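# Observations on chain architecture
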Amino acid sequence: MKKFLVSLEKDIQRRELFFSQRNTQDFEIFNAINTMTQDLTSLGNLFDIIKFAQYYGRNVTKGEIGCTLSHLAIYQKIADDETINERDYALVCEDDALFAENFQQVIQEIVKQPMDADIILTGQSKILEFNHIELEINYPSTFKFLQKKIANSGYRYSYPYRNYFAGTVCYLITKAAAKRFLAELTNGRLPFWLADDFILFNEKFKLNTAIIRPLLAIENPALTSNLENSRGSLNNNLFKKLLKYPLKKLLAFKRNL
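Treat the numbers as computed from the prediction; the structure is a model and nothing was measured.

Counting buried positions along strand β3 (residues 89–94) gives six out of six residues, so the element sits mostly inside the fold. Where burial is concerned, the two faces of β3 agree: the one with Tyr89, Leu91 and Cys93 and the one with Ala90, Val92 and Glu94 are both buried. Across five bridges, β3 lies against strand β9 (residues 170–174) in antiparallel orientation. Paired with alanine 90 across the bridge in β9 is isoleucine 173.

Of note, threonine 174 is situated in strand β9. Sequence-distant contacts of threonine 174, that is, excluding residues within four places in its chain, are made with Glu86, Arg87, Asp88, Tyr89, Ala117 and Asp118.

The next point concerns the packing of aromatic side chains. Inspection of every chain in the model, using the stated rule, returns 20 aromatic pairs. Ring geometry for phenylalanine 181 and tryptophan 193: centres 6.3 Å apart, planes at 50°, overall tilted. Highlighted residues: phenylalanine 181 in helix α7 (residues 175–183) and tryptophan 193 in the loop between α7 and α8 (198–203), separated in sequence by 12 residues. Taking the centre distance of 5.3 Å and the plane angle of 85° together, the rings of phenylalanine 181 and phenylalanine 205 count as edge-to-face.

All right, on to the UniProt feature "domain: Glycosyl transferase family" (unreviewed entry) in the chain then. Using the residue numbers shown here, the UniProt feature "domain: Glycosyl transferase family" (unreviewed entry) corresponds to residues 2–189. Secondary structure content for residues 2–189 is 33% helix and 18% strand, while the C-alpha to C-alpha distance between its ends is 28 Å.

Another aspect to go through is the sheet that holds β9. Hydrogen bonding along the main chain pairs the strands of a sheet, whether they run parallel or antiparallel. What the eight strands build is an open sheet, ordered β2-β1-β3-β9-β5-β10-β8-β7; its pairing is mixed. With one partner strand each, in any of the chains shown, β2 (28–31) and β7 (148–149) form the two edges of the open sheet.

Right, let's get into the sheet that holds strand β6 (residues 123–124). Judged by pairing direction, the sheet is mixed, and its three strands sit side by side in the order β4-β11-β6 without closing on themselves. Each end of this open sheet is capped by a strand with a single partner; those strands are β4 (97–99) and β6. Inspection of the sheet shows β4 paired to strand β11 (residues 217–219) by three bridges, in the antiparallel sense. If you follow phenylalanine 99 over to β11, its bridge partner there is alanine 217.

What follows concerns the side chain of glutamine 124. In this structure, glutamine 124 sits in strand β6. A distance of 2.8 Å separates the side chain of glutamine 124 from the side chain of tyrosine 164, its partner in a polar contact. Those residues in contact with glutamine 124, other than ones at most four positions away along the chain, are Leu135, Tyr139, Tyr164, Ala166, Val169, Arg213, Leu215, Ala217, Ile218 and Glu219.

Moving on to the pairing of β9. For β9, the tally of buried residues reaches five of five residues, placing the bulk of the element in the interior. Because side chains alternate across β9, one face comprises the buried residues Cys170, Leu172 and Thr174, and the other comprises Tyr171 and Ile173, equally buried. Summarising the sheet, strand β5 (residues 119–121) and β9 pair through three bridges and their orientation is antiparallel. Paired with leucine 121 across the bridge in β9 is tyrosine 171.

Calculation rules
Residues numbered from 1 in each chain as written. Predicted model: local features only at pLDDT ≥ 70, side-chain atom pairs only at ≥ 80, totals over all residues. Heavy atoms only, no water. Buried < 20%, exposed > 50% of the residue type's maximum accessible area, 1.4 Å probe, protein only. Helix = DSSP H or I, 4+ residues; strand = E, 2+ residues; numbered from the N terminus. Pairing = 2+ DSSP bridges. Contact = heavy atoms within 4.5 Å. Phe/Tyr/Trp six-rings, centres within 6.5 Å; stacked < 30°, edge-to-face > 60°. UniProt positions renumbered as here; feature names shortened; annotations may be inferred. Polar contact = N/O pair within 3.5 Å; in protein donor to acceptor, adjacent residues only side chain to side chain.

Here it is in structure tokens:
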């Protein structure tokens with residue numbers, strides 16, 4: 001299986017920390033597209049800034065443009081690779097990914113499963129732990145005993161109650177799905193979406209997104225400050241989240257049927 005690491009060329013420390021983890025030697029480094037030094041006028045030739053604002057109701061940041069363009073460039077590499085079959089998965093990670101202890105073993109088992117998912121979210125951003133309660137409260141799937149077990153591991157896969165923004169810290173994508181993204185860029189069309197808008201990818205591109213529980217990757221707390229903000233958000237609106245939980249669980253149960 002092909003594995004890609006998205007990383008800015010200047011981020012040497014982040015790369016060193018990533019490759020200090022076990023079973024990372026076979027990742028191919030992709031130098032992320034650095035858009036921070038470019039002006040929005042030139043970036044408008046690569047990314048549909050106006051359509052983004054119309055769709056999301058706000059202005060896009062340079063970093064978001066760079067993230068989307070970088071992942072699309074990897075999709076092009078996957079599409080061009082003749083050694084990858086249409087339903088084969090490729091693994092895409094960002095350099096702040098912190099892997100679970102048995103990451104490699106579980107990934108190898110996942111790709112053997114009879115899954116029809118186009119994208120599999122093996123990691124998630126802004127989550128404190130691999131099996132944090134936030135995953136169940138805010139992003140529930142069907143009941144545990146109905147989730148599909150991944151052989152030779154304590155992990156399970158299923159569909160969430162609905163697709164959601166999960167970050168791009170670590171995920172699997174089929175070659176067919178990568179080509180589906182690229183098909184949106186024909187006839188002079190430009191990308192306008194966030195790299196982790198899995199809601200759009202399902203509704204517009206008709207791509208199925210599955211989840212793995214517990215997570216196999218989270219953002220490395222040694223590199224990100226977002227976790228501090230996440231800690232506060234867990235307590236904020238907790239009551240509202242709990243009120244919504246039964247309906248989300250019912251929707252997840254229905255979807256997985």
